[in-house]
Amino acid sequence: TERSLVIVKPDGFHRGLTGEVLRRIEAKGYVLAALKILTPPTALLQEHYAEHEGKPFFEPLVAFMSSGPVTAVVIEGEDCIKGFRSLAGATNPTEAAPGSIRGDLGRDWGEKVQKNIVHGSDSPESAAREIGIWFPEL
Ligand code: GTP
Ligand code: MG
């Protein structure tokens, strides 16, 4: 079965939304395969977000993501990569549909980086790459 990397970002962690995100993942029928809490080092985030290097939001994004603890989770289940992206909703929380994590729980905080509560891998290739970065022990 498919695996995806989910991260409850520092805004979600700080707001106490980790449990709510995990609840939605489990309610959907996906399984939690691995989970850890950490404040991610800058080097890990630069690797994770390599595709965004050079974009105006890259450095603020890395700074934001290393600003406090996150919960990194490997989830498992048929089509869970697409399925979790659907649970998460659109990148911009103002545009994310009600019913989605970002639509129900997020809003535009008017800062340099969109604080949108969660990350989810966007393809099987990304999922394999990201799980390798965050869970090298798996
Ligand atoms: P992730 O699941 O976090 O990867 O979100 P995504 O796949 O919906 O977005 P993407 O990978 O394109 O961007 C990664 C993160 O960078 C987003 O979740 C936002 O936090 C931030 N981001 C992306 N695009 C923009 C943008 O145009 N402006 C700002 N300020 N932040 C952005
Ligand atoms: Mg992405």
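Residues numbered from 1 in each chain as written. Chains lettered and ligands numbered in written order. Predicted model: local features only at pLDDT ≥ 70, side-chain atom pairs only at ≥ 80, totals over all residues.

Here we take up the site of ligand 1. Lining the immediate surroundings of ligand 1 are Phe57, Leu61, Thr91, Lys112, Val113, Gln114, Asn116, His119, Gly120 and Asp122. Here the residues of the shell around ligand 1 sort into three nonpolar, five polar and two charged. (Near = placed C-beta within 6 Å. Nonpolar A, V, L, I, M, F, W, Y, C, P; charged D, E, K, R; others polar.)

Moving on to the sheet that holds strand β3 (residues 70-76). Strands in a sheet are paired, the pairing made by backbone hydrogen bonds, and the direction either parallel or antiparallel. A sheet is described by the order of its strands in space; here four strands give the open sequence β2-β3-β1-β4, paired in antiparallel fashion. Single-partner strands in this sheet number two, and they are β2 (31-38) and β4 (118-120). Neighbouring strand axes in the sheet, compared pairwise and without regard to direction, differ in orientation by 15° on average. Pairing of strand β1 (residues 3-8) with β3 involves six bridges; the strand directions are antiparallel. Looking at β3, one finds that arginine 3 is bridged to glutamate 76. (Pairing = 2+ DSSP bridges. Helix = DSSP H or I, 4+ residues; strand = E, 2+ residues; numbered from the N terminus. Axes fitted to C-alpha atoms, helices over the stretch in contact; angles between N-to-C directions.)

Considering the arrangement of structural elements, one finds arginine 3 in strand β1. Note on arginine 3: 22 C-beta atoms within 10 Å, which makes it buried. Considered as a pair, arginine 3 and glutamate 111 are 108 residues apart in the sequence and their alpha carbons are 32 Å apart. Not counting residues up to four positions away in its chain, the partners in contact with arginine 3 are Ala33, Val74, Ile75, Glu76, Ala127 and Ile131. (Buried ≥ 20, exposed ≤ 12 C-beta atoms within 10 Å, placed from the backbone. Contact = placed C-beta atoms within 7 Å.)

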